[in-house]
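Summary of structural features
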Amino acid sequence: MKPSRPLYEREPEIQAATEALNALCGAQAIGGLLVFSGEGGIGKTALLAEIQTMAADRCTVWSARGGETVTSVPFHVVRQLLQPALDDLSLDDRLELFGDWYEITAPALGLAQPSGPQPDPQGVRDGLDHVVRGLATRLSHRPLPLVVDDAHWADGESLAWLSRFTAHLHELPVLVVQAQRPKELADRGDDWVADWSPAAGGPESKSRLVRVALRALTPDATAELVRAALGEHADDPFCREVWAVTGGNPYEAVELVAKVQDNQLPPVEESAGELRELGASARGSGLVARLERLGTNANRFAWAAAVLGTEISQELAASLAGMTPAEAADCTARLRDARIVTGFDPLEFVHPLIASAIYRSIPSATRTAFHGRAAWAITEAGMGAAAASRHLLEVHPEADQDVVRQLREAARQHLAVGAPEAARRCLERALREPPRPEDHAPVLYELGCATLLSSPPTTVRHLRTALEMPGLDDALRVDATFRLAAALAHNNELREAAATLASEAARTAPGPGLMRLQAAHFQWEGMQAEEVDAPGRSRRLANNTRHLAGRDNAERALLTIRAFDAMMRGENAAMIVDYCERALVNGSPARGLGWTDAEWGFEFPTMVGITYAFTDQLDRAESLFSEAVRAFEISGWSGAHLAFAHTLMGLVHRRRGKLAEAEGFLREGLRLADRVGTGLAVQWDAACLLIDTLLARGRTAEARLVADRYKFGAPWPSAMVLPDGPCVHGRLLLAEGRTKEAIAELESIGAALEARERFNGVWAPWAGDLARALRDEDPVRAAELANRARQHAERFGTDTAIGEALRCLALFAPEEEAHRLLADAVRHLTASDSQYELALARYDYGVATRDRRELAQAQKLAVRCGAEELVERAQRAGASIRSSE
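Here the structure is a predicted model, which is why all the values come from computation and not from measurement. Residue numbers here run from 1 along each chain, matching the order of that chain's written sequence. Since the coordinates come from a predicted model, pLDDT governs what is reported: local features require at least 70, and pairs of side-chain atoms require 80 or more to be given and counted, while whole-chain, interface and lining totals use all residues. By convention in this description, side-chain values take in all heavy atoms of the structure and omit both hydrogens and water.

**Here's the deal with the nonpolar core**
In plain words, nonpolar cores are sets of buried Ala, Val, Leu, Ile, Met, Phe, Trp, Tyr and Cys residues tied together by side-chain atoms within 4.5 Å. Under the scheme applied here, a residue whose accessible area is under 20% of the maximum for its type counts as buried, over 50% as exposed, and between as partly exposed, the area being computed with a 1.4 Å probe on protein chains only. By size, the foremost hydrophobic cluster in this structure holds 206 residues, and its most contacted members are Phe349, Ile610, Phe625, Trp763 and Trp766. In this text, helices come from DSSP runs of H or I with a minimum length of four residues, and strands from runs of E with a minimum of two, each type numbered from the N-terminal end. If you tally residues by element for this core, the top one is helix α34 (residues 681-696), at eleven residues. Not counting residues up to four positions away in its chain, the partners in contact with Phe625 are Trp595, Thr606, Gly609, Ile610, Leu648, Met649, Leu651 and Val652. Counting 44 residues, the second-largest nonpolar core is a separate cluster that includes Val35, Leu81, Ala106 and Leu144. Whether two residues are in contact is decided by their heavy atoms, any of which lying within 4.5 Å being enough.

Here is the structure:
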């Protein structure tokens, strides 16, 4: 495929583009990523323009361009890419295209007003994925290249989406082509560049990755460029001087040749001495001097355009420059003739190098004034605080309370569309204004809330400072403390979270606020992996909740924590379920205590569901956790929140004994969590449950791979792991034959749990596992452990706990008693809906009684559960009995 315009020494780049387009448009529609990098003026924009021309007949091409002055405008590049296609759709077609993602993603694209809870940025990115997939499907007969120029200047929100979207190109007929300057990209320091490879889509991924660094033109190519413009009579010394002056930079060479034509300079050796002065006028101070020669009005109008950046409104530029429409039109014509701008309304600079040079040439005070006037003009035009905020970020602080107000409003608007980093910038700038003393703490509070999802340590710093200052009313103090504790907990500082809540509670008057602090205090104390006086805390909690009926959310929150704590302690299950019922309203979380309600947090319905799961109320738990998945998906909370919801669904299926289904949910939970970061609490929980599930399926080697990947083991996080992490780790060691290590770990965790009076053997099955491990080495102690586990199970009273305890105790009983114990275990586990544990009990009973029918039942259950190893064991045991009869 030949280029439609002269592109000198770009044959490798054109070849790479041709191959990528051929793969995209071929029978298999192979997508990919094509990245061109190089310094400013090296020819990236011309190359992208050529690629768009090459693709035009076969593809639907969408393009966008970053801008140096608009990097703070969230979703600026994404909107450029998608809005032309979306503008062609009716509202009904848009609603159909977006589906459930409309309320989450349409506001980020400027297509709808925000509504509902503040969206998770990951949810907005997932919604954008959905929209592009839908549009690509509509264009199935015309593959889709997405072309992004000056990606180093794209806004962070667009880059975050783009970098993750490229990991899924193997699934779509989409080719992403982007051009960027490596130095500017590195200087930004944004963690956005995709660590993308063809293998990102799996070992059989079809997608392609090509990275090409553009090089300067050689002297021969520069001579060819000169002669194409000036004629073949341009001599060699002249052409070589053009190359020497421009360094082979294509943009500078083209501009220099244009200056030669403007000045009617003969392209011969005698003129070569004048090239250096002409070349200087194409960049830096030379360009500025050339602009000044166009006149004061043209110069001022160019300044206004440079401040506005991209897609420059003629009317807005005229307003900034203080000109009439006629004067602005005249300036535009002069700037067009001088090859400084192109277009009319909107205007664009001919090249980013020109825009940068002009913007940086504006005197500092004048530039600041222009930004201030631009913010005012945008506000007057009704475009909103968020649109004006990029200019307000650039004005000098002057204690202007209107600026503070606008920046706070802009932050709220940014948060509402899923751009917390943009909100953070606005609030930090508001603090530098600064606000009035009485508003300083509220602004800090807002800043702390804005960074909760992205940076818990930053939230901790801001909220602590806000609480140390005057200005927060009682309600804000309670909320700030509650959120500070949550940030500390997410930052693995649970002890400090509890202490912070206790300190604020001591100075808070009785009422709903105090009860909210007390509930959070009990919550984070109880979630600690290690606690100084757990029994004392449990007694205080029991006393505080004894007479609560669940009349308001504060009471319901305390009842939730009481139920969870009692479950961990192995208290009477019927009583625990009653607490859960009082914590809900008609079986669901109360308004304000729901999955996406910000006041209390998702932890409270989570604790109710987990308590149900470990008290054999699996239908109730599944109903709550299914509601969590729906709520998070509807609200676009598809990061750690949705990952945790899938993990909780995995817990329910693990408790039911549906091991294959549990594994699916848990792997999806880990996949979602891995997109967010590393070392997250949800990764510990999902890994723990997945390891436990894989061990139940008999896949010890896979369980070890998961443990190693997620560093599952000591040192443990400060928060407890779901279910008990050290117990599951001990079970892994036993499965690997590392019995001595397992015994030591189980002994240690058993002592710690008993000191805390946590006797739930379903949550933490250390006693049964330790008894089995000690059976040959110390049978007396092993039997004592099994007996004590039975006592705790009978106190707890669930069929799963009793059945599992009886199954273990049978190992240490005489033959007839063992048969009776195992029969009772089968009876209890049949009533419990714990199908895997029932399969184990039937297997043990079948082996003990040499009953092939029981073993056949165990095998059938194991097949249903997906417990491959147990299936094989039951088959072998049945065959052994059959052969001996």
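**Considering the confidence of the model for the protein chain**
The predictor's confidence in any single residue is recorded as pLDDT, a number from 0 to 100. On average, residues of the protein chain score 91 in pLDDT, and 96% of them reach the 70 mark or higher. Taken as a whole, residues 191-205 scores under 50 in pLDDT and shows 30 contacts with residues more than four places along the chain or in a different chain.

**A few points about empty space enclosed by the protein**
Buriedness of a pocket was judged along seven lines, with at least five required to meet protein on both sides within 12 Å; pockets are open sets of points on a 1 Å grid over the protein atoms alone, cavities are sets where a 1.4 Å probe fits but cannot get out, and lining residues have an atom within 4 Å of a point. Grid points are joined across faces, edges and corners, and a volume is the space filled by probe spheres set on the points. Under the criterion given, the structure shown has six cavities of 30 Å³ or more. The volume enclosed by the largest cavity comes to roughly 190 Å³. Around the largest cavity sit 17 residues that line it, and Gly67, Gly309, Thr310, Pro352 and Ala355 are the ones nearest its centre. Looking at the lining of the largest cavity, the elements with two or more residues in it are β7 (347-349) and α17 (352-361). Per-element accounting of the lining of the largest cavity gives the leading share, four residues, to α17.

**Things to note about the pattern of salt bridges**
We define a salt bridge as a side-chain nitrogen of Lys or Arg found within 4 Å of a carboxyl oxygen belonging to Asp or Glu. What the rule picks out here adds up to 67 salt bridges. Of the charged contacts in the structure, one is a salt bridge between Arg731 and Asp692, with a shortest N-O distance of 3.3 Å. With Arg731 in helix α36 (residues 725-735) and Asp692 in helix α34, the pair connects residues that are 39 residues apart, well separated along the chain. By relative accessible area, Arg731 is classed as partly exposed at 24%. Connected via shared salt-bridge partners are Arg654, Arg655, Asp692, Arg731, Asp769 and Glu837.

**Quick notes on the packing of aromatic side chains**
Here a Phe, Tyr or Trp ring, Trp counted by its six-membered ring, pairs with any other such ring whose centre lies within 6.5 Å, and the pair is stacked when the planes are under 30 degrees apart, edge-to-face when over 60, and tilted otherwise. Throughout the structure, instances matching the rule amount to 14 aromatic pairs. With 5.9 Å between their ring centres and 80° between their planes, Phe482 and Trp600 make a pair best called edge-to-face. Placement of the pair is Phe482 in helix α24 (residues 474-490) and Trp600 in the loop between α29 (573-583) and α30 (603-613), with a sequence separation of 118 residues. Both residues of the pair, Phe482 and Trp600, belong to the buried class. Ring geometry for Phe602 versus Phe644: centroids 6.0 Å apart, planes at 70°, classification edge-to-face. Taken as a pair, Phe602 in the loop between α29 and α30 and Phe644 in helix α32 (residues 640-656) lie far apart in primary sequence, 42 residues in all. One exposure class covers both Phe602 and Phe644, and it is buried. Here the aromatic residues Trp595, Phe602, Phe625, Phe632, Trp637 and Phe644 are joined through ring pairs into a cluster of three or more. Positioned over the ring face of Phe482 is Arg516, at 4.1 Å from the centre of the ring. For a Lys NZ or an Arg CZ to count as sitting over a ring, it must be within 6 Å of the ring centre and within 35 degrees of the ring normal.

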